[in-house]
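Examination of the molecular architecture
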Amino acid sequence: MGIKKFINSVKESLGLDEIEKAGKKKSIKRLLEKLKSKKEILDKTAKKKLDKKEKKELKEELAIITLQIKKGEKILDGLSAKSLETSKTKKEK
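As the structure is a prediction and not an experimental result, all values here were calculated from the model. (Residues numbered from 1 in each chain as written. Predicted model: local features only at pLDDT ≥ 70, side-chain atom pairs only at ≥ 80, totals over all residues. Heavy atoms only, no water.)

Remarks on the overall build of the chain
Helix and strand content of the chain: three helices and zero strands. Starting at the N terminus, the α and β elements of the chain follow one another as α-α-α. When the accessible surface of the chain is summed, it comes to about 7500 Å², and 52% of that surface belongs to carbon and sulfur atoms. (Helix = DSSP H or I, 4+ residues; strand = E, 2+ residues; numbered from the N terminus. Areas by Shrake-Rupley, 256 points an atom, 1.4 Å probe, with all protein chains shown as cover.)

Okay, here's the thing in structure tokens:
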């Protein structure tokens, strides 16, 4: 999944209309923070008594958010590795 596609899918799942145009790393970090806070809210909600349908929907949403967090962290690690490589090559020159 590309960076732009990840950001758009997270914006859609969280219902965010606009996101500031900043660096890719900064945008992804902000989205990850929002995903993690949403996950905490869902974890607290899961402890409440819900009917089967609501629990199923909650678990599905939690699974999606968890997956998005993993993808975002992977992309962020990739960006960090690229920036390290770029800075090393600039220092060598």
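Let's pick the thread back up.
Some points on the pattern of salt bridges
All told, the structure shown has two salt bridges when counted by the stated rule. Note that K36 and E73 form a salt bridge whose closest N and O atoms lie 3.4 Å from each other. Here the residue K36 occupies a position in helix α2 (residues 24–46), and E73 occupies one in helix α3 (residues 52–92), the gap between them amounting to 37 residues. Its salt-bridge partner being K38, residue E61 comes within 3.7 Å of it at the nearest N-O pair. Here E61, found in helix α3, pairs with K38, found in helix α2; they are 23 residues apart in sequence, far enough to count as distant. Look at E61 and you get partly exposed, because its relative accessible area is 31%. (Salt bridge = Lys/Arg side-chain N within 4 Å of Asp/Glu carboxyl O. Buried < 20%, exposed > 50% of the residue type's maximum accessible area, 1.4 Å probe, protein only.)

Considerations on the confidence of the model for the chain
Of all residues in the chain, 77% have pLDDT values of 70 or greater, and the mean over the chain is 79. Of all helices and strands in the chain, the one with the weakest mean pLDDT is helix α1 (residues 3–14) (77), whereas α2 scores best (87). (pLDDT = per-residue confidence, 0-100.)

Comments concerning a negative patch on the surface
Together, D51, E54, E57 and E60 make up a negatively charged patch on the protein surface. Among the secondary structure elements, E60 is positioned in helix α3. Since its relative accessible area comes to 44%, E60 is described here as partly exposed. (Patch = residues over 30% accessible without salt bridge, like charges linked within 9 Å, V, L, I, M, F, W, Y side chains within 5 Å. Lys, Arg positive; Asp, Glu negative; His and termini not counted. Charge placed at Lys NZ, Arg CZ, Asp CG, Glu CD.)

A word on the side chain of Q68
Here Q68 is to be found in helix α3. By relative accessible area, which is 10% here, Q68 ends up buried. Once you skip the residues sitting within four places of it in the chain, Q68 turns out to touch F6, S9, V10, L32 and L35. (Contact = heavy atoms within 4.5 Å.)

Remarks on the nonpolar core
Counting residues in hydrophobic clusters, the biggest one holds 16 residues, and the most contacted among them are I3, F6, I7, I28, L32, L35 and I75. Elements with a minimum of two residues in this core: α1, α2 and α3. (Core = buried A, V, L, I, M, F, W, Y, C linked by side-chain atoms within 4.5 Å.)

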